[in-house]
Amino acid sequence: MVVKEEEMVLVTPGEVLGKATEVKAGKGAYVAKHNGLVYASLTGLLRTLSPPPDSPDQRATVEVTGHKAHGPVPEPGSVVIARVTKVMTRMASADIMCVGAKSVREKFSGIIRQQDVRATEIDKVDMHLSFRPGDIVRASVVSFML
Amino acid sequence: MEFVSPEGLRLDGRRPTEMRQLRAEIGNVAKADGSAVFEMGNTKVIAAVYGPREVQNKSQQMSDQALVRCEYSMANFSTGDRMRKPKGDRRSTEISLVIRQTMEACILTHLMPRSQIDIFVQVLQADGGTRSACINAATLALQDAGIPMRDIVTSCSAGYLNSTPLLDLNYVEDSAGGPDVTVGLRLLSCGTYGYTLGPMD
């Protein structure tokens, strides 16, 4: 995507950025269904991104970058680094400290199940021999817990 | 008692449709994700926003949207006489609910499922219009935290004394016994101004 020259326009939530038929709402913008306009949802600098030339939708994307960078949030599929806090017979609790290469601002907690520790002989895993409280593990997130 | 003089001046020298001096600052509470201090004349309010973060009470977690919580309290020293019970009383609970409903209508909660946004508002100096100052401070704090919102919410109070409609009542005018209303407006995304709350005290 090619970025047009930055015009340093500061926008606030609720400001109209364009019509939904002409621009696509990126990060920091949303489309109001009742009148088809794209509004900003964050306070920050407005950027307009040109669409890639081969995509069927040739609308430019407008996005607003806030001044505060939010911490990353783990999602299924992301690789995380966590510290083990509790070890039980069939699972271990861990606190996620980094998502990918970035450290989180707010602690997320997760569990490592017995059947997810290794690929073979998953019933014979002894959690107490595999983990101790304080261990640092690299893991891949399987799913959210209900 | 005369609240509006024959020349059309109020007790503090304002005209009936004149607001008090406004002052705002953001980023005062470094540890919070977003914070703001808002002053309307002598009323001073501080708001701190934490979130989006993991829900502390898992039973309240919503899988499709964020949980918005709000707590309003008045500092003991905010009023003339030292307050005995700064929070937990009926008025604080009602105002907390009102602020929560107002901000929840504006936050794009569906973008942050399974998370929680906490808004803490505390009145440092109370001179009438604390409800409005809290909503204004909460809006600024939410924007400072970078939480996506539909619109900016602003609020002000109004009343009717000595047959004159008055804007932005201070404590003396508020306790005079006339009707008053606090209105929250979504500024920009409505074609005509729409109100989000309007309790008559």
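About the thresholds
- Residues numbered from 1 in each chain as written.
- Chains lettered and ligands numbered in written order.
- Predicted model: local features only at pLDDT ≥ 70, side-chain atom pairs only at ≥ 80, totals over all residues.
- Heavy atoms only, no water.
- Contact = heavy atoms within 4.5 Å.
- Buried area = accessible area lost by both parts, 1.4 Å probe.
- Salt bridge = Lys/Arg side-chain N within 4 Å of Asp/Glu carboxyl O.
- Polar contact = N/O pair within 3.5 Å; in protein donor to acceptor, adjacent residues only side chain to side chain.
- Helix = DSSP H or I, 4+ residues; strand = E, 2+ residues; numbered from the N terminus.
- Nonpolar A, V, L, I, M, F, W, Y, C, P; charged D, E, K, R; others polar.
- Pairing = 2+ DSSP bridges.
- Axes fitted to C-alpha atoms, helices over the stretch in contact; angles between N-to-C directions.
- Core = buried A, V, L, I, M, F, W, Y, C linked by side-chain atoms within 4.5 Å.
- Buried < 20%, exposed > 50% of the residue type's maximum accessible area, 1.4 Å probe, protein only.
- Patch = residues over 30% accessible without salt bridge, like charges linked within 9 Å, V, L, I, M, F, W, Y side chains within 5 Å.
- Areas by Shrake-Rupley, 256 points an atom, 1.4 Å probe, with all protein chains shown as cover.
- Domains from an automatic or database assignment.
- Expected span 1.5 Å × (residues − 1).
- Phe/Tyr/Trp six-rings, centres within 6.5 Å; stacked < 30°, edge-to-face > 60°.
- Disulfide = S-S within 2.5 Å.

1. Thoughts on the interface of chain B and chain A
For step 1, the next point in the chain: Across the boundary between the two partners, chain B contributes 20 residues, which contact 20 residues of chain A.
For step 2, the next point in the chain: Summed over both partners, the interface of chain B with chain A comes to about 1600 Å²; 49% of that surface belongs to carbon and sulfur atoms.
For step 3, the next point in the chain: Between chain B and chain A we count one salt bridge in total.
For step 4, the next point in the chain: Among the ionic pairs, A:Arg105 bridges to B:Asp33, the shortest N-O distance being 3.4 Å.
For step 5, the next point in the chain: Our count for the contact surface shared by chain B and chain A stands at seven residue pairs in polar contact (both at pLDDT 80 or more).
For step 6, the next point in the chain: Only strand 3 (43-54) and helix 2 (130-144) of chain B provide two or more residues apiece to the side of chain B that touches chain A.
For step 7, the next point in the chain: No other element matches strand 3 of chain B, which puts four residues into the side of chain B that touches chain A.
For step 8, the next point in the chain: Looking at the side of chain B that touches chain A residue by residue, the classes come out as eight nonpolar, five polar and seven charged.

2. Re the sheet that holds strand 5 (residues 115-125) of chain B
All names here are of chain B.
For step 1, the next point in the chain: Strand order across the open sheet formed by five strands is 1-2-3-5-4, with mixed pairing between neighbours. Only two strands of the sheet have a single neighbouring strand rather than two, namely strand 1 (22-26) and strand 4 (67-74). Taken pair by pair, the neighbouring strands of this sheet meet at an average axis angle of 15°, ignoring direction.
For step 2, the next point in the chain: Across the face of the sheet, helix 1 (residues 90-106) comes into contact with strand 4 and strand 5 while running at roughly 140° to strand 4.
For step 3, the next point in the chain: Strands in contact with helix 2 are strand 1, strand 2 (34-40), strand 3, strand 4 and strand 5; relative to strand 2, the strand with the most contacts, it is inclined by about 150°.

3. Focus on the sheet that holds strand 10 (residues 102-113) of chain A
All names here are of chain A.
For step 1, the next point in the chain: Strand order in the open sheet formed by four strands is 10-9-8-11, with antiparallel pairing between adjacent strands. Of all strands in the sheet, those bounded by a partner on one side alone are strand 10 and strand 11 (136-140). Geometrically, the sheet is characterised by an average inter-axis angle of 40° between neighbouring strands, direction not taken into account.

4. Re the nonpolar core
Where a protein is soluble and globular, its nonpolar side chains tend to be buried together.
For step 1, the next point in the chain: By size, the foremost hydrophobic cluster in this structure holds 34 residues, and its most contacted members are B:Ile99, B:Met103, B:Ile107, B:Ile117, B:Ile119 and B:Leu142.
For step 2, the next point in the chain: For this core, the elements supplying multiple residues, two or more each, are strand 2, strand 3, strand 4, helix 1, strand 5, helix 2 and strand 6 (153-161) of chain B.
For step 3, the next point in the chain: Broken down by element, this core gets its largest block of residues, seven residues, from helix 2 of chain B.
For step 4, the next point in the chain: Ranked by size, the runner-up nonpolar core spans 16 residues in total, among them A:Val84, A:Ala94, A:Phe131 and A:Val137.

5. Examining a nonpolar patch on the surface
For step 1, the next point in the chain: Together, B:Met1, B:Leu11, B:Tyr171 and B:Val172 make up a nonpolar patch on the protein surface, roughly 460 Å² of accessible area in all.
For step 2, the next point in the chain: Position of B:Tyr171 relative to the elements: it lies in helix 3 (residues 171-174).

6. Looking at the domain arrangement of chain A
For step 1, the next point in the chain: Structurally, chain A comprises domain 1 (8-64) and domain 2 (76-139).
For step 2, the next point in the chain: For domain 1 of chain A and domain 2 of chain A, the distance between their C-alpha centres works out to 40 Å.

7. Here's the deal with unusual backbone geometry
All names here are of chain B.
For step 1, the next point in the chain: Cis geometry marks the peptide bond from Gly51 to Pro52, where omega comes out at -10°.
For step 2, the next point in the chain: Mapping Pro52 onto the fold places it in strand 3.
For step 3, the next point in the chain: In the Ramachandran plot, Ser163 falls in the positive-phi region, its phi being about 60° despite a non-glycine side chain.
For step 4, the next point in the chain: With respect to the secondary-structure elements, Ser163 resides in the loop between strand 6 and strand 7 (164-167).
For step 5, the next point in the chain: Residue Ser163 is classed as exposed on the basis of its relative accessible area, which comes to 60%.

8. Thoughts on helix 2 of chain B
Because each turn of an α-helix spans 3.6 residues, side chains separated by three or four positions end up pointing in the same direction.
Residue and element names in this part refer to chain B.
For step 1, the next point in the chain: Taking 1.5 Å of rise per residue, 15 residues should cover 21 Å, and helix 2 covers 21 Å from first to last C-alpha, within 8% of that figure.
For step 2, the next point in the chain: In terms of residue burial, helix 2 counts as a mostly covered element, since 14 of its 15 residues are buried.
For step 3, the next point in the chain: Just downstream of helix 2 lies Gly146, where phi reads positive at about 75°.

9. A few points about the packing of aromatic side chains
Two numbers describe a pair of aromatic rings. These are the distance of the centres and the angle of the planes.
All names here are of chain B.
For step 1, the next point in the chain: The tally for this structure, following the rule as stated, stands at two aromatic pairs over all chains.
For step 2, the next point in the chain: Pairing Tyr50 with Phe120 gives two aromatic rings, centres 5.9 Å apart and planes at 75°, and the pair type is edge-to-face. In this pair, Tyr50 sits in strand 3 while Phe120 sits in strand 5, placing the two residues 70 residues apart along the sequence.

10. Some points on the state of the cysteines
All names here are of chain B.
For step 1, the next point in the chain: Applying the stated criterion across every chain yields a total of zero disulfides over all chains.
For step 2, the next point in the chain: Counting only cysteine sulfurs, Cys134 is the nearest neighbor of Cys70, a cysteine outside any disulfide, at a range of 7.9 Å.
For step 3, the next point in the chain: Take Cys70: its relative accessible area is 15%, and that puts it in the buried class.

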